[in-house]
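Examination of the molecular architecture
Listed below, chain by chain, are the residues.
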Amino acid sequence: MNSQPVILITGAGRGIGRATALALAAQGYHVAVNYVGNREAAEDTARCCREASAESGGEAITIQGDVGDAKHREGMMRAVLDHFGRIDGLVNNAGIAPKQRADILDASEESFEQLMRVNLQGPYFLTQRIARWWIREQPESRLPNGFTVIFITSISSDMASVNRGEYCVSKAGLSMAASLWAVRLAQLGILVYEIRPGIVATDMTAKVKEKYDALIQDGLIPQHRWGKPEDTGKAVASLMRGDFPYSPGSVIYTDGALHIPRL
Ligand SMILES: NC(=O)c1ccc[n+]([C@@H]2O[C@H](COP(=O)([O-])OP(=O)(O)OC[C@H]3O[C@@H](n4cnc5c(N)ncnc54)[C@H](OP(=O)(O)O)[C@@H]3O)[C@@H](O)[C@H]2O)c1
């Protein structure tokens, strides 16, 4: 086993997580590709990662686990440690949209609870679990600026969509989680960042493609295009390789300037 950093990416079989795993593998990192149900997609991501990092000997493994389940979170961490003997970075990417977009006057508590469990409680406590391991074991980080955690939140952390309120609330909470972990861990030499993607072409947005095609055509996004998963993958790779050593707690937008209020 060579001396590259080992990064766990949750929800890395498809979409933004897959692009992130590939961007990290292209840097020669070892990656652990977590998925919950779509094993085939995760195996394909891992295979492409191995190809991308073949020259540097980067490895890629897949790990099944529901980030919203405490026992699974423990199992995911253990699987990374069993295989690589270490972990240097965590990308909290896995997330879900409501099964049905429903006006907040009609939305169900069941959907609210599910989104909080997966989108907020999962990454919050997976970060706690891995941070405790770093603090207890005190291994030397293979990342240039120390162990690193990245939260993938969303433009929905502060843009209101009343037909998927539970998603917005989960992401707003996750942005605060990123700030809390950034403050708590900075003093221990562990860097925490937040990336807020805008409207990205993935399976998550496939059902509303036509709606967003029209909005983008009408100028909703200053850069005038859909976000690509790679936009966020590249930002993660840059943060992991140490390009922002004095910026923990920063929010990086990968949204084509969508977040800027305009008149
Ligand atoms: N797409 C956008 O426009 C957009 C914008 C802003 C933020 N985001 C955020 O970016 C992240 C990735 O979104 P995406 O668009 O790439 O989504 P996606 O295409 O739907 O992919 C989601 C990934 O997360 C995994 N996943 C779902 N629930 C999980 C769970 N309970 N435990 C572990 N893994 C789980 C899925 O695994 P399986 O493949 O096994 O199902 C899949 O690999 C999410 O947090 C999302 O909220 C997306």
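Attention in this report is confined to the structure presented alongside it. Keep in mind that this is a model prediction, so the values were computed, not measured.

Attention now moves to the overall build of the protein. If you tally the helices and strands in the protein, you get seven helices and seven strands. For the protein, the sequential pattern of α-helices and β-strands runs β-α-β-α-β-α-β-α-β-α-β-α-α-β. Against the globule reference of 18 Å for 263 residues, the protein gives a C-alpha radius of gyration of 18 Å, in line with a compact fold. Along the three orthogonal principal directions, the C-alpha set of the protein runs to about 50 × 40 × 35 Å. For the protein, buried positions account for 50% of its 263 residues. Long-range contacts, defined as pairs at least 24 residues apart, comprise 76% of the intrachain contacts of the protein with a sequence gap of at least 6. As displayed, the protein offers around 12500 Å² of accessible surface, 52% of which is attributable to carbon and sulfur atoms. Measuring between centres, the 28 positive side-chain charges of the protein sit 2 Å from its 29 negative side-chain charges.

On to the packing of helix α3 (residues 70-84) against helix α4 (residues 109-137), then. At a closest axis distance of 10 Å, the pairing of α3 and α4 adopts a crossing angle of 40°. Between α3 and α4, the angle falls in the class oblique. Where α3 crosses over α4, the two elements pack in a sense that is right-handed. Contacts between α3 and α4 involve R73, E74, M76, M77, R78 and L81 from the former and Q121, G122, F125, L126, R129, I130, W133 and R136 from the latter. Grouping the amino acids of the contact of α3 with α4 by side-chain chemistry returns seven nonpolar, two polar and five charged.

Here we come to the nonpolar core. Residues L8, V80, I87, I130 and W134 are the most contacted members of the largest nonpolar core, which totals 31 residues. Contributions of two or more residues to this core are made by β1 (6-9), β3 (60-64), α3, α4, β5 (148-152) and α5 (165-186). Setting aside anything within four residues of it in sequence, one finds I87 in contact with V6, L8, V80, L81, I130, W133, W134 and F147.

Within the fold, K171 resides in helix α5. Summary of buried charges: K171 has no salt-bridge partner, and the nearest side chain of opposite charge, E194, is 8.8 Å away. Setting aside residues up to four positions removed in sequence, K171 forms contacts with N119, I152, T153, S154, S156 and S157.

Residues spaced three or four apart along an α-helix face the same direction, because each turn holds 3.6 residues. Across its 15 residues, α3 extends 22 Å between first and last C-alpha, which sits within 8% of the 21 Å expected from 1.5 Å per residue. Buried residues along α3 sit against β1, β2 (30-35), β3 and α4. The backbone nitrogen of K71 has a side-chain oxygen 2.9 Å away, supplied by the residue at the start of α3, namely D69. Positive phi appears at G85, one or two residues downstream of α3, with a value of about 80°.

Around the ligand sit 32 residues, and of these G37, D66, N93, Y167 and T202 come closest. N93 places a polar main-chain atom, nitrogen or oxygen, 2.7 Å from an oxygen atom of the ligand. Considered on its own, the ligand offers 900 Å² of accessible surface; in the complex 94% of this is hidden by protein. Elements that contribute at least two residues to the shell around the ligand include exactly α1 (15-26), β2 and α5.

Turning next to the sheet that holds β5. One open sheet holds the seven strands; their spatial order is β3-β2-β1-β4-β5-β6-β7, and the pairing between them is parallel. Looking at which strands have only one partner, the edges of the open sheet turn out to be β3 and β7 (251-254). The average undirected angle you get between the axes of adjacent strands in this sheet is 20°. Two elements, strand β6 (residues 191-197) and β7, share four bridges in a ladder whose sense is parallel.

As a further point, take the pairing of β3. Where β2 meets β3, five bridges bridge the pair, whose relative direction is parallel. Note that in β3 the partner of N34 across the bridge is I63. Once the chain exits β2 it traverses helix α2 (residues 39-52) before rejoining the sheet at β3, and the crossover so formed is right-handed.

Counting buried positions along β2 gives six out of six residues, so the element sits mostly inside the fold. Burial along β2 is two-sided: the face carrying H30, A32 and N34 and the face carrying V31, V33 and Y35 are both buried. As defined by bridge partners, β1 adjoins β2 across four bridges and the pair is classed as parallel. Within β2, the position partnered with V6 by the bridge is H30. In this fold, the crossover linking β1 to β2 by way of α1 has right-handed handedness.

Definitions and limits used
- Residues numbered from 1 in each chain as written.
- Predicted model: local features only at pLDDT ≥ 70, side-chain atom pairs only at ≥ 80, totals over all residues.
- Heavy atoms only, no water.
- Helix = DSSP H or I, 4+ residues; strand = E, 2+ residues; numbered from the N terminus.
- Rg over C-alpha atoms; globule rule 2.2 N^0.38 Å.
- Buried < 20%, exposed > 50% of the residue type's maximum accessible area, 1.4 Å probe, protein only.
- Contact = heavy atoms within 4.5 Å.
- Areas by Shrake-Rupley, 256 points an atom, 1.4 Å probe, with all protein chains shown as cover.
- Lys, Arg positive; Asp, Glu negative; His and termini not counted.
- Charge placed at Lys NZ, Arg CZ, Asp CG, Glu CD.
- Axes fitted to C-alpha atoms, helices over the stretch in contact; angles between N-to-C directions.
- Parallel < 35°, antiparallel > 145°, perpendicular 65-115°, else oblique.
- Left-handed = near helix turned anticlockwise from the far one by under 90°.
- Nonpolar A, V, L, I, M, F, W, Y, C, P; charged D, E, K, R; others polar.
- Core = buried A, V, L, I, M, F, W, Y, C linked by side-chain atoms within 4.5 Å.
- Salt bridge = Lys/Arg side-chain N within 4 Å of Asp/Glu carboxyl O.
- Expected span 1.5 Å × (residues − 1).
- Polar contact = N/O pair within 3.5 Å; in protein donor to acceptor, adjacent residues only side chain to side chain.
- Near = heavy atom within 4 Å.
- Pairing = 2+ DSSP bridges.
- Right-handed = clockwise from strand over helix to strand, strands pointing away.

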